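Next come the chains, spelled out residue by residue.
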Amino acid sequence: MAKRVSGICYIKVDGEQLEISGGIEVPLVDVKRETVMGMAGPAGYKETALEPYVKVTAIFMPSFPLDALRTNTDITVTAELSNGKVYTLSGAFVKGEPTVKGEDGTVDLEFGGSKGQWQ
């Protein structure tokens, strides 16, 4: 029996669901590991913390939570993937300079935050 691994995804910002176009991008891991080389070869590895984030292309609907996204800096973003996995980003805020694309009615959003967690 085949299992669904991609398809419909959902994104919620402080419990309010956004209409999205395209996919959701979230990090799989929270650390980057790199080999530490010694004179005789690999001596071990080092870890560097990675920033938790959520990237999404949202549809700029009349109900789009514009004011909340412009001012809130302690948002909870929940990304529900079609395979049943859920990624929650807490202490989130909108990063960068998002713009609305009038010709297709979308806005690319990137959320940074203090903690990302897979459930």
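Cut-offs used in this document
Residues numbered from 1 in each chain as written. Predicted model: local features only at pLDDT ≥ 70, side-chain atom pairs only at ≥ 80, totals over all residues. Heavy atoms only, no water. Helix = DSSP H or I, 4+ residues; strand = E, 2+ residues; numbered from the N terminus. Rg over C-alpha atoms; globule rule 2.2 N^0.38 Å. Buried < 20%, exposed > 50% of the residue type's maximum accessible area, 1.4 Å probe, protein only. Contact = heavy atoms within 4.5 Å. Salt bridge = Lys/Arg side-chain N within 4 Å of Asp/Glu carboxyl O. Patch = residues over 30% accessible without salt bridge, like charges linked within 9 Å, V, L, I, M, F, W, Y side chains within 5 Å. Areas by Shrake-Rupley, 256 points an atom, 1.4 Å probe, with all protein chains shown as cover. Core = buried A, V, L, I, M, F, W, Y, C linked by side-chain atoms within 4.5 Å.

A. Molecular detail of the overall build of the protein chain. Across its full length, the protein chain carries 1 helix and 11 strands. Listed by position from the N terminus, the elements making up the protein chain come as β-β-β-β-β-β-α-β-β-β-β-β. Taken over the C-alpha trace, the protein chain has a radius of gyration of 17 Å; the compact-globule value for 119 residues is 14 Å, which it surpasses by more than 25%. Principal-axis analysis of the C-alpha atoms places the extent of the protein chain at approximately 60 × 45 × 25 Å. Of all 119 residues assigned to the protein chain, the portion counted as buried reaches 29%. Considering only residue pairs separated by 6 or more positions, the protein chain has 59% of its internal contacts joining residues 24 or more positions apart.

B. View of the pattern of salt bridges. Considering all chains together, one arrives at 8 salt bridges under this definition. Two residues, E47 and R33, come together in a salt bridge whose shortest N-O distance is 2.9 Å. Taken together, the positions of E47 in strand β5 (residues 41-49) and R33 in strand β4 (residues 31-38) put the pair 14 residues apart, joining distant regions of the chain. Given a relative accessible area of 53%, R33 falls into the exposed group. If you follow the salt bridges from partner to partner, you end up with E51, K95 and E110 in one network.

C. Representation of the environment of T35. The residue T35 is located in strand β4 in this model. As for T35 and Y45, which are separated by 10 residues in sequence, their C-alpha atoms are 4.3 Å apart. Those residues in contact with T35 that sit more than four places away from it in its chain are P42, G44 and Y45.

D. Main features of a nonpolar patch on the surface. Where nonpolar side chains cluster on the molecular surface, the patch consists of L28, V29, L50 and W118 and spans about 380 Å² of accessible area. Among the secondary structure elements, W118 is positioned in strand β11 (residues 115-118).

E. Region of the structure containing the nonpolar core. Within the largest apolar cluster, 21 residues are counted, with the highest numbers of intra-cluster contacts made by I11, L18, I24, V54, V77, L109 and F111. For this core, the elements supplying multiple residues, two or more each, are β1 (10-13), β3 (20-25), β6 (53-59), β7 (75-80), β8 (86-94) and β10 (106-112). Apart from the residues lying within four places of it in its own chain, the contact partners of I24 are C9, Y10, I11, V54, K55, V56, A79, E80 and L81.

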